[in-house]
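Listed here are the chains, written in short residue letters.
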Amino acid sequence: ELSSNCFNYGAYHTLEAIHNEMDNIVKCYPHLASTVEIGHSFENRSMYVLKFSTGEGRQRPAIWLNAGIHAREWISPATAIWTAKKIACDYGKDQAITSILKKMDIFLLPVANPDGYVYTHTHNRLWRKTRSINPGTTCIGTDPNRNWDSKFGEVGASDNPCSEIYHGAHPNSEMEVKSVADFIKNHGKFKCFIDLHNYGQLVMYPYGYTTEKAQDADELDMVAKNTAKALASLSGTQFRVGPIATGIYRASGNTVDWAYDNGIKYAFTFELRDTGHYAFTLPADQIIPTAQETWLGLKTIMEYVQDNI
Ligand code: PAY
Ligand code: ZN
């Protein structure tokens, strides 16, 4: 059922193809799905979001699924677009997603860094950052996962525009980051934010900017452990669990720390397959298995959120 049209979910796609497939999903499921353009990138590409909602009028509590903030992490947008189709197909059939969508809306941004993503197709497969111009240097781009307004410019971010972890000139200097932050603040009812990266096989939660425990760390750790368990149940893929700062390294100004410090308690970041063998160039034959196992993890979090808000 996941290949009912010509889009091949088991292949990596260009930005244009992903945006087209988002439109197709809306055409096939007009009562469930719609698109929202939340802004534009530095090079004026669309920040294109799929909204899944069964509620009329009234603004429901919501979940944000974020993917492709790092350009080279291709498995992230590929998993996201598969997930979009899965949500659409399973609504009304699968009890869990049906009941989640009775209470909450889901917003999914498959390519949060469209300029970088295009650049990985046209110039450099391993580009990570945005493509914004930095005054006074020929080095291009900011790390959008260091550009959020949460302990901006502290540990684990660089003030050197040539660095892969350059934090940018100021918080939200990247239009891509600002678009998401503004949309979420204006909406006001987001309860969950999940950011998809690779690689490493980890389910993490705040904080990245400090090794001090977040107030809800015990609860988030429990949810993350259940998420990793659900994920492994499909084909045994092992995910480690912990806060970002100790699970991987310290990273200030990151996405989910910002979400958490802005009242979105259920903030998680996934590092999808693998553990480093193929790393960013995960073969396409792993897209569907990765998306399928990730889906079990995402559903675990979303069901928990539904029951606890
Ligand atoms: O997922 O937010 C997170 C943790 C911090 C990530 C970061 O921005 O540095 C971790 C890296 C990522 O997915 O971007 C890990 C990968 C393997 C990398 O590029 O080092
Ligand atoms: Zn990343």
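The structure reproduced in this document is the subject of the present report. (Residues numbered from 1 in each chain as written. Chains lettered and ligands numbered in written order. Predicted model: local features only at pLDDT ≥ 70, side-chain atom pairs only at ≥ 80, totals over all residues. Heavy atoms only, no water.)

Section: the layout of surface pockets
If a probe as big as a water molecule is rolled over the atoms, it shows which places are left empty. Stated formally: Using a 1 Å grid laid over the protein atoms alone, points where a 1.4 Å probe fits but cannot get out form a cavity; open sets with protein on both sides within 12 Å along at least 5 of 7 lines form a pocket; any residue with an atom within 4 Å of a point counts as lining. Grid points are joined across faces, edges and corners, and a volume is the space filled by probe spheres set on the points. Secondary structure counts use DSSP, requiring at least four H or I residues in a row for a helix and at least two E residues in a row for a strand, with both numbered from the N terminus. Basically, the charged four are Asp, Glu, Lys and Arg, the nonpolar ten are Ala, Val, Leu, Ile, Met, Phe, Trp, Tyr, Cys and Pro, and anything else, Gly included, counts as polar.
The volume enclosed by the largest pocket comes to roughly 370 Å³. As for the largest pocket, its lining consists of 27 residues, of which Arg128, His197, Ile248, Tyr249 and Glu271 are closest to the centre. Among the secondary structure elements, those contributing two or more residues to the lining of the largest pocket are strand E5 (190–198), strand E6 (202–205), helix H7 (244–247), helix H8 (255–261) and strand E8 (266–272). The dominant element in the lining of the largest pocket, judged by the number of residues it contributes, is E5, at three residues. For the lining of the largest pocket, a count of residues per class yields 10 nonpolar, nine polar and eight charged.

Comments concerning the site of ligand 1
How we decide: It suffices for a single heavy atom of a residue to lie within 4 Å of a molecule or strand for the residue to be listed as near it. Polar contact is the term for a pair of N or O atoms within 3.5 Å; when the atoms are in protein, one must be able to donate a hydrogen and the other to accept it, and sequence-neighboring residues count only if both atoms are side-chain atoms. Values of accessible area rely on a 1.4 Å probe in the Shrake-Rupley scheme; residue burial ignores everything except the protein chains shown. For a molecule to be placed in a cavity or pocket, more than half of its atoms must lie within 2 Å of the grid points of that cavity or pocket.
What surrounds ligand 1 is a group of 16 residues, the closest being Arg128, Arg146, Tyr249, Thr269 and Glu271. Interatomic distance of 3.2 Å between a side-chain N/O atom of Arg72 and an oxygen atom of ligand 1. At 2.8 Å, a side-chain N or O of Asn145 approaches an oxygen atom of ligand 1. Considered on its own, ligand 1 offers 460 Å² of accessible surface; in the complex 92% of this is hidden by protein. In a pocket analysis with a 2 Å cut-off to the grid points, ligand 1 is assigned to the largest pocket. Elements supplying a minimum of two residues to the shell around ligand 1: E5 and E8. Residues belonging to the shell around ligand 1 are distributed by class as follows: six nonpolar, five polar and five charged.

Notes on the sheet that holds strand E2 (residues 46–52)
By way of backbone hydrogen bonds, the strands of a sheet pair with one another, either parallel or antiparallel. What counts is decided by this rule: Pairing between two strands is assigned when DSSP locates at least 2 bridges connecting them. Note on geometry: axes are lines fitted to C-alpha atoms, helical ones only across the stretch in contact, with angles between N-to-C directions running from 0 to 180 degrees.
Strands sit in the order E1-E2-E4-E3-E5-E8-E6-E7 across an open sheet of eight strands; the sheet is mixed. Each edge of the open sheet carries a strand with a single partner, namely strand E1 (33–40) and strand E7 (240–243). Recorded for the sheet is a direction-independent mean angle of 20 degrees between the axes of neighbouring strands. Sheet topology note: the E6/E7 ladder contains four bridges and is parallel.

Some words on the state of the cysteines
Heads up, the rule is: Cysteine sulfur atoms are paired as a disulfide whenever they fall within 2.5 Å. Residue exposure (1.4 Å probe, protein chains only): buried if accessible area is under 20% of the type maximum, exposed if over 50%, otherwise partly exposed.
The full count for this structure, using the stated rule, is one disulfide. Shown here is the disulfide that connects Cys139 with Cys162, its sulfur atoms set 2.1 Å apart. Across the S-S bond of Cys139 and Cys162 the torsion is about 90 degrees, and the bridge reads as right-handed. Note that Cys139 is positioned in the loop between helix H4 (114–122) and helix H5 (175–187) and Cys162 in the loop between H4 and H5, a separation of 23 residues in sequence. Unpaired in this structure, Cys28 has its nearest cysteine sulfur neighbour in Cys89, at a distance of 8.6 Å. A relative accessible area of 49% means that Cys28 is categorised as partly exposed.

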